[in-house]
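Next come the chains, spelled out residue by residue.
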Amino acid sequence: MKDKIIISGAGLVGSLWAVFLAKRGYQVEVYERRPDMRKLGGDGGRSINLAMSTRGWKALEKAGIKDEVMETALAMKGRMMHSTTGELTFQAYGKENQAIYSVSRAGLNRKLMDIAESHENVNFHFDMPCTGVNTRSAAIHFKNNISEEKSTLNASFIFATDGAFSAIRSSLQKTPRFNFSQYYLPHGYKELTIPATVSGDFAMDAESLHIWPRGEFMLIALPNPDKSFTCTLFLPFEGKSSFENLNTDEEIMHFFNSYFNDAVPLMPTLLEDFKNNPTSSLVTIKCNPWHLQHKILMLGDASHAIVPFYGQGMNSGFEDCTVLDELATKHKENWSKAIEEFNQTRIENADAISDLAIRNFTEMRDLVGDPMFLLRKKIAAWLHEKYPNDFLPLYSMVTFSNIPYADALKEGKAQDELFEQILSIFDVQKRWNSEEVIRIFEKWLKEKN
Ligand SMILES: Cc1cc2nc3c(=O)[nH]c(=O)nc-3n(C[C@H](O)[C@H](O)[C@H](O)COP(=O)(O)OP(=O)(O)OC[C@H]3O[C@@H](n4cnc5c(N)ncnc54)[C@H](O)[C@@H]3O)c2cc1C
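Residues numbered from 1 in each chain as written. Predicted model: local features only at pLDDT ≥ 70, side-chain atom pairs only at ≥ 80, totals over all residues. Heavy atoms only, no water.

Draft legend 1. Looking closely at the packing of helix H1 (residues 12-23) against helix H10 (residues 313-330). Contact geometry of H1 with H10 gives a least axis separation of 9 Å together with a crossing angle of 25 degrees. In this view, H1 runs roughly parallel relative to H10, as classed from their interaxial angle. The crossing of H1 and H10 is right-handed. Counted together, Leu12, Val13, Leu16, Trp17 and Phe20 of H1 and Met314, Gly317, Phe318, Cys321, Thr322, Leu324 and Asp325 of H10 form the full contact between these two elements. Of the residues belonging to the contact of H1 with H10, the class tally is 9 nonpolar, 2 polar and 1 charged. (Axes fitted to C-alpha atoms, helices over the stretch in contact; angles between N-to-C directions. Helix = DSSP H or I, 4+ residues; strand = E, 2+ residues; numbered from the N terminus. Parallel < 35°, antiparallel > 145°, perpendicular 65-115°, else oblique. Left-handed = near helix turned anticlockwise from the far one by under 90°. Contact = heavy atoms within 4.5 Å. Nonpolar A, V, L, I, M, F, W, Y, C, P; charged D, E, K, R; others polar.)

Printed below as a string of structure tokens:
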């Protein structure tokens, strides 16, 4: 048996990382703050789902569980926009066979724990929150929530996968030259439900991610295997249309009838859900370095929590696992070297997807209903069709490729310049696929290369 490794946090990234380390033959001890979710049953009352895309699938494939997860995943081939008058517009995410997939967060977490635990060299310890780190010795403190017993543990390496409010990161923040930033959007979110119809069908098209873009706010809905949809309302905390102004039944119903009229009849428990479900905040966290003494390393939300508008939080955390695993192979399991290179190369990519996610919020809530934006999407798809090797739309780079996020962001900025030129062509609506567009594109391509 190889060295002992501790993982703190058995969420999505921690459980997946345990599988990667188990396969390499390490003794893996995973400590989790909460009780074992597999013994609690259900989805904790709610069926929260996540969009899985290429980077996430790649990591699951490496862990050997892609096919199993895919069995219950639902393909969403594009966005279905709902206008205020109930008109529907479908916009494909990519090419014919490309889709993002709705997966159950709890189902995936349970599956990852089961697979990790099926390796005899992995042990899970529940009700064991980490309470901090001794930053001199790089030992880690835990408290048993049941017995109240405190312990200090050490291992050859410690991975912090304890999420956006990481206890390990809190300790690291007190070390010299540790950079940290935390930014809350003025918007919060609340989860709501569209159940299956009485005849047991999906109430809306099941192959789409539904969006009700309304400028300052929006509603989205993702399908679940039980034929319900999990909806998420993103709304400012304060202001005219905001959570602070939705208190009475009348206010809530008036708001929904005004802006999401076609969704209301599909939401029989709307008032109940709205009043009972929490309003949560949306935080972006960046920090640097991600490690302490090349011995403790943060992965996933612990080091880079992002807003959910590109559907890349989990995907980027899973990509952390792929990248670190590749570096471990490259450096022949000299983890100090792997951690050093990971820290050097990965942070700029995490920063890039963090910026892209905020930018995509504007796109989703505001622009998806804008005719010029839709025209840009149409031209981008056409250029990709015509020049598959030279032009890949930004959304496809992020969602359907493994191109480093920082490269995608850079290319996205260059594409903004290209479209500024194309969209200023006189009468571009009629001449969107003209020789002039091709001329501008080819000049842009030449200058870029
Ligand atoms: C509304 C919303 C929608 C989202 N949609 C998507 C999406 O569509 N696609 C996508 O890719 N991502 C999405 N995300 C992001 C995704 O949920 C996160 O990026 C992902 O869960 C991060 O995984 P993680 O394992 O790093 O952290 P977490 O999932 O937060 O897991 C952390 C674990 O650590 C445990 N823990 C916490 N503190 C301690 C402690 N002190 N000691 C021990 N254990 C501890 C927690 O109990 C938990 O089990 C969304 C996020 C939100 C908020």
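After presenting the structure, the write-up continues.
Draft legend 2. Region of interest: the site of the ligand. The environment of the ligand is formed by 29 residues, the closest being Glu32, Ala51, Arg105, Cys130 and Asp301. In this structure, an oxygen atom belonging to the ligand sits 2.7 Å away from a main-chain N or O atom of Ala51. Contacts to the ligand include Gly313, whose backbone N or O atom sits 3.3 Å from a nitrogen atom. Of all the secondary structure elements, the ones that give two or more residues to the shell around the ligand are H1, strand S3 (49-52) and H10. Looking at the shell around the ligand, its residues break down into 13 nonpolar, 10 polar and 6 charged. (Near = heavy atom within 4 Å. Polar contact = N/O pair within 3.5 Å; in protein donor to acceptor, adjacent residues only side chain to side chain.)

Draft legend 3. Expanded view of the sheet that holds strand S19 (residues 296-298). Reading across the sheet, the 6 strands line up as S8-S2-S1-S12-S19-S18 and stay open at both edges, with mixed pairing between neighbours. The open sheet has two edge strands, strand S8 (122-125) and strand S18 (291-292), and neither has a second partner. Inspection of the sheet shows strand S1 (residues 4-8) paired to strand S12 (residues 157-160) by 4 bridges, in the parallel sense. Along S12, the bridge assignment pairs Ile6 with Ile158. Running over the sheet, helix H11 (residues 335-365) touches S12, S18 and S19 and is turned about 30 degrees from S12. (Pairing = 2+ DSSP bridges.)

Draft legend 4. Quick peek at the domain arrangement of the protein. Each domain of the protein was delimited in the assignment, giving domain 1 (4-181 + 282-360), domain 2 (194-278) and domain 3 (370-448). Centre-to-centre, using C-alpha coordinates, domain 2 lies 33 Å away from domain 3. (Domains from an automatic or database assignment.)

Draft legend 5. Spatial organisation of the pairing of strand S11 (residues 150-153). Of the strand pairs in this sheet, strand S10 (residues 139-143) and S11 are connected by 4 bridges, and their pairing is antiparallel. Residue pairing across strands places His141 opposite Thr152, the latter belonging to S11. Remark: 6 residues form the turn of the hairpin made by S10 and S11, two consecutive strands paired antiparallel; Glu148 in that turn has positive phi of roughly 70 degrees.

Draft legend 6. Quick peek at the environment of Asn389. Structurally, the position occupied by Asn389 is in the loop between helix H12 (371-386) and helix H13 (394-399). For Asn389 and Lys66, which are 323 residues apart along the polypeptide, the C-alpha to C-alpha distance reads 28 Å.

Draft legend 7. Just the side chain of His331, in detail. Along the chain, the position of His331 falls in the loop between H10 and H11. His331 sits in the buried class, given a relative accessible area of 18%. Within the local environment of His331, its side chain forms a polar contact with the side chain of Glu341, the two groups lying 2.7 Å apart. In this structure His331 touches Lys337, Ala338 and Glu341, once residues within four positions along its chain are discounted. (Buried < 20%, exposed > 50% of the residue type's maximum accessible area, 1.4 Å probe, protein only.)

Draft legend 8. Looking closely at the packing of H12 against helix H15 (residues 435-448). Between H12 and H15, whose axes approach to 12 Å, the crossing angle comes to 70 degrees. Between H12 and H15, the angle falls in the class roughly perpendicular. Along its contact with H12, which presents Ile379, Trp382, Leu383 and Lys386, the element H15 presents Val437, Ile438 and Phe441. Split into classes, the residues belonging to the contact of H12 with H15 amount to 6 nonpolar, no polar and 1 charged.

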